[in-house]
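Descriptive structure summary
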Amino acid sequence: TSCAKNKNLRSVAEVAFLIDESGFCHLNDAQAVPFGKIQRALGLMGTPFDMYLTSDYEAVKDRYKAWIIAVPYYTPTSERILSEVAKQGIPVMIIGSEEAGQLEAATLRSFCKNAGVHIYCEKDAVVYVNESYLFLHTHEEAVYQLHLPEEKKLKSVMGEGPVIFPAYLPKCKGYLYELYR
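In what follows, the accompanying structure is described. (Residues numbered from 1 in each chain as written. Predicted model: local features only at pLDDT ≥ 70, side-chain atom pairs only at ≥ 80, totals over all residues. Heavy atoms only, no water.)

What follows is about empty space enclosed by the protein. Empty space left among the atoms is revealed by rolling a probe the size of a water molecule over them. On inspection of all chains with the given rule, the structure shows one cavity of 30 Å³ or more. Within this model, the largest cavity holds a volume of roughly 30 Å³. In this structure, the largest cavity is lined by Leu42, Gly43, Gly46, Thr47, Pro48, Phe49, Ala125, Val126, Val127 and Tyr128. Of all the elements in the fold, those that place two or more residues in the lining of the largest cavity are helix 2 (38-43) and strand 5 (125-129). In terms of residue count, strand 5 provides more of the lining of the largest cavity than any other element does, four residues in total. Per-class residue counts for the lining of the largest cavity are seven nonpolar, three polar and no charged. (1 Å grid on protein atoms, 1.4 Å probe; cavity = no way out; pocket = protein on both sides within 12 Å on 5 of 7 lines; lining within 4 Å. Points joined across faces, edges and corners; volume = space filled by probe spheres on them. Helix = DSSP H or I, 4+ residues; strand = E, 2+ residues; numbered from the N terminus. Nonpolar A, V, L, I, M, F, W, Y, C, P; charged D, E, K, R; others polar.)

The strand order 2-1-3-4 describes an open sheet built from four strands, whose pairing is parallel. Since the sheet does not close on itself, it has two edges, and those belong to strand 2 (49-53) and strand 4 (92-95), each with one partner. Here the strands of the sheet are splayed against their neighbours by 20° on average, with no regard to which way each runs. By the bridge criterion, four bridges tie strand 3 (residues 66-70) to strand 4 in an arrangement that is parallel. Its bridge partner being in strand 4, Trp67 is matched across the sheet by Val92. Its contacts with the sheet place helix 6 (residues 105-114) against strand 1 (15-19), strand 3 and strand 4, and it is angled at close to 145° to strand 3. (Pairing = 2+ DSSP bridges. Axes fitted to C-alpha atoms, helices over the stretch in contact; angles between N-to-C directions. Contact = heavy atoms within 4.5 Å.)

Below, the discussion takes up the pattern of salt bridges. Under the counting rule described, the total for this entry stands at ten salt bridges. Between Glu58 and Lys61 there is a salt bridge, with the nearest N and O atoms lying 3.0 Å from each other. For Glu58, a relative accessible area of 42% corresponds to the partly exposed category. Classification of Lys61 by relative accessible area gives buried; the value is 17%. Among the ionic pairs, Glu58 bridges to Arg80, the shortest N-O distance being 3.0 Å. With a gap of 22 residues between them, Glu58 in helix 3 (residues 57-60) and Arg80 in helix 4 (residues 76-88) connect regions that are remote in the sequence. (Salt bridge = Lys/Arg side-chain N within 4 Å of Asp/Glu carboxyl O. Buried < 20%, exposed > 50% of the residue type's maximum accessible area, 1.4 Å probe, protein only.)

A general tendency of soluble globular proteins is for nonpolar side chains to be buried together. Of all hydrophobic cores here, the largest spans 23 residues; its most connected members are Ile38 and Ile68. If we ignore the near neighbours within four places in the chain, the residues touching Ile68 are Val15, Ala16, Phe17, Leu18, Leu42, Met45, Met93, Ile95, Leu108, Phe111 and Cys112. Of all hydrophobic cores here, the second largest spans 17 residues; its members include Leu136, Leu146, Tyr175 and Tyr177. (Core = buried A, V, L, I, M, F, W, Y, C linked by side-chain atoms within 4.5 Å.)

Let us now look at unusual backbone geometry. Of note, the amide linkage connecting Phe165 to Pro166 takes the cis form, showing an omega dihedral of 10°. Looking at where Pro166 falls in the secondary structure, it is placed in the loop between strand 8 (153-156) and strand 9 (167-169). The phi torsion at Cys172 lies on the positive side, around 55°, for a residue other than glycine.

Here the focus is the sheet that holds strand 6 (residues 133-138). Pairing in this open sheet of four strands is antiparallel, and the strands run 5-6-10-8 from one edge to the other. A single partner strand is all that each edge strand has here, and the edge strands are strand 5 and strand 8. Taken over all neighbouring pairs, the strand axes of this sheet differ in orientation by 30° on average, direction set aside.

What follows deals with the layout of surface pockets. Considering only enclosed or pocket space, the largest pocket measures out at about 340 Å³ in volume. As for the largest pocket, its lining consists of 19 residues, and the residues nearest its centre are Arg10, Ser11, Val12, Ala13 and Glu131. Split into classes, the residues belonging to the lining of the largest pocket amount to eight nonpolar, four polar and seven charged.

Structure, rendered in structure tokens:
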């Protein structure tokens, strides 16, 4: 494996998670707690995502096939962004206070799949991917199937882990792979 500094580490995420940070100023601690559970569901949805604040939106708005937007309280900024995304016809999932604590990875995965986002793993698993590497962290002991885009192949970076899937993997184990053609 060659040195990572010589590799393209650009994100390949097709979905972005946007947080309206100013909306949290309108919540008390008890109202804000459910939003902490969103990170777990996002992490286990089986596809990579990029995370932004509403202040980042203008710089990244044209990069994604779908948006997941946490709106704890509607602000002029969140309303403007939601209006713009709707005009562009980009699929968006809005997560309000009521949905935040109930959100499941399977729900996010289904939304992403319906939006045309590439799903790397259909099981609950942490998947980070850039142009050169893929990291998989298992959530449970089970058979996992990785779906790679294009004609990519895997090479284990740390010398362990299967390179052919499906594969039976233990609970809470991480695998780092180099992607190549």
